[in-house]
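# Structural features, examined
Here's the letter readout for the chains.
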Amino acid sequence: MSEDTHSADHDDDDIPLAPHRKEGRGCFLVLIILSAIPVVFFLITFTGGDTLTYIYMRNWVTDHALMNRMPVTWSPEKKAEARNVLDQFYDAGRARKVPSTEVIALSSEFREMMSYPGDVHEESLVALLRHAWRDLEKYHSAPPGSPPSVLELNAGNSGPSESVP
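Residues numbered from 1 in each chain as written. Predicted model: local features only at pLDDT ≥ 70, side-chain atom pairs only at ≥ 80, totals over all residues. Heavy atoms only, no water.

## Points about the overall build of the protein chain
Along the protein chain, the regular secondary structure elements total 5 helices and 0 strands. The buried share of the protein chain, taken over its 165 residues, is 28%. (Helix = DSSP H or I, 4+ residues; strand = E, 2+ residues; numbered from the N terminus. Buried < 20%, exposed > 50% of the residue type's maximum accessible area, 1.4 Å probe, protein only.)

See below:
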């Protein structure tokens, strides 16, 4: 009988199925990750924030948001021409040919124009495109040749037909 009780004692001395877990490792890893997030944010802001802004404005705001809200009366060619003017402007800003203050000013106008619901008003869009084109010309970043026709309002609209000053 003593052997039966002795064999029951061997169960307590068995090797555990999983190793003993050391407490505190998960908390330490979470703290490292949480402290790395602000460091990465500040590095992006101070070194590549401008680049991210140009990419965001060119690829998301211009190519997606604006193209979905262009005036309905505009032809696909005119819409593409408007997108090209803004793409050239933001590309010049990214290449440091246009100062960041000018890019910020135009982006503020752009954001204000896009804040209203519905399709973008033709007059507002043409004014924005003129501003971008003037800055491109001012800093010698405009492509050679005549200005795009999208910079003029249609004669049939309420506004007068104007050319780039």
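On we go from here.
## As for the nonpolar core
Side chains of nonpolar character tend, in soluble globular proteins, to be buried together. Residues Leu66, Phe110, Leu125 and Leu129 are the most contacted members of the largest nonpolar core, which totals 29 residues. Among the elements that line this core, the one with the most residues is helix α5 (residues 122-138), at 7 residues. In this structure, Leu66 is in contact with Val61, Leu86, Phe110, Met113, Met114, Val120 and Leu125, ignoring residues within four places of it in sequence. (Core = buried A, V, L, I, M, F, W, Y, C linked by side-chain atoms within 4.5 Å. Contact = heavy atoms within 4.5 Å.)

## Quick notes on the pattern of salt bridges
Here the idea is simple: oppositely charged side chains can pair when their charged atoms come close. As enumerated under the stated definition, the model contains 5 salt bridges in all. Ionic pairing is found between Asp63 and Arg83, a salt bridge with its closest N-O pair at 3.9 Å. Remark: Arg83 occurs in helix α3 (residues 76-94) and Asp63 occurs in helix α2 (residues 25-68); sequence separation between them is 20 residues. The class of Asp63 is partly exposed, set by a relative accessible area of 25%. Among the residues examined, Arg83 registers a relative accessible area of 27% and is labelled partly exposed. Through salt bridges with shared partners, a single network forms among Arg58, Asp87 and Asp91. (Salt bridge = Lys/Arg side-chain N within 4 Å of Asp/Glu carboxyl O.)

## Some points on a nonpolar patch on the surface
Among the surface-exposed residues, Val30, Ile33, Leu34 and Ile37 lie close enough to one another that they form a single nonpolar patch of about 390 Å² accessible area. Residue placement: Val30 occurs in helix α2. (Patch = residues over 30% accessible without salt bridge, like charges linked within 9 Å, V, L, I, M, F, W, Y side chains within 5 Å. Areas by Shrake-Rupley, 256 points an atom, 1.4 Å probe, with all protein chains shown as cover.)

## A word on the packing of α3 against α5
At their nearest, the axes of α3 and α5 sit 10 Å apart, and the two run at 40° to each other. The orientation of α3 relative to α5 falls into the category oblique. For the crossing formed where α3 meets α5, the hand is left-handed. Counted together, Lys78, Ala82, Val85, Leu86, Gln88, Phe89 and Ala92 of α3 and Glu122, Leu128, Leu129, Ala132, Trp133, Asp135 and Leu136 of α5 form the full contact between these two elements. (Axes fitted to C-alpha atoms, helices over the stretch in contact; angles between N-to-C directions. Parallel < 35°, antiparallel > 145°, perpendicular 65-115°, else oblique. Left-handed = near helix turned anticlockwise from the far one by under 90°.)

## Describing the environment of Glu137
When you line up the elements, Glu137 lands in helix α5. Since its relative accessible area comes to 35%, Glu137 is described here as partly exposed. With 39 residues separating them along the chain, Glu137 and Val98 place their C-alpha atoms 9.8 Å apart.

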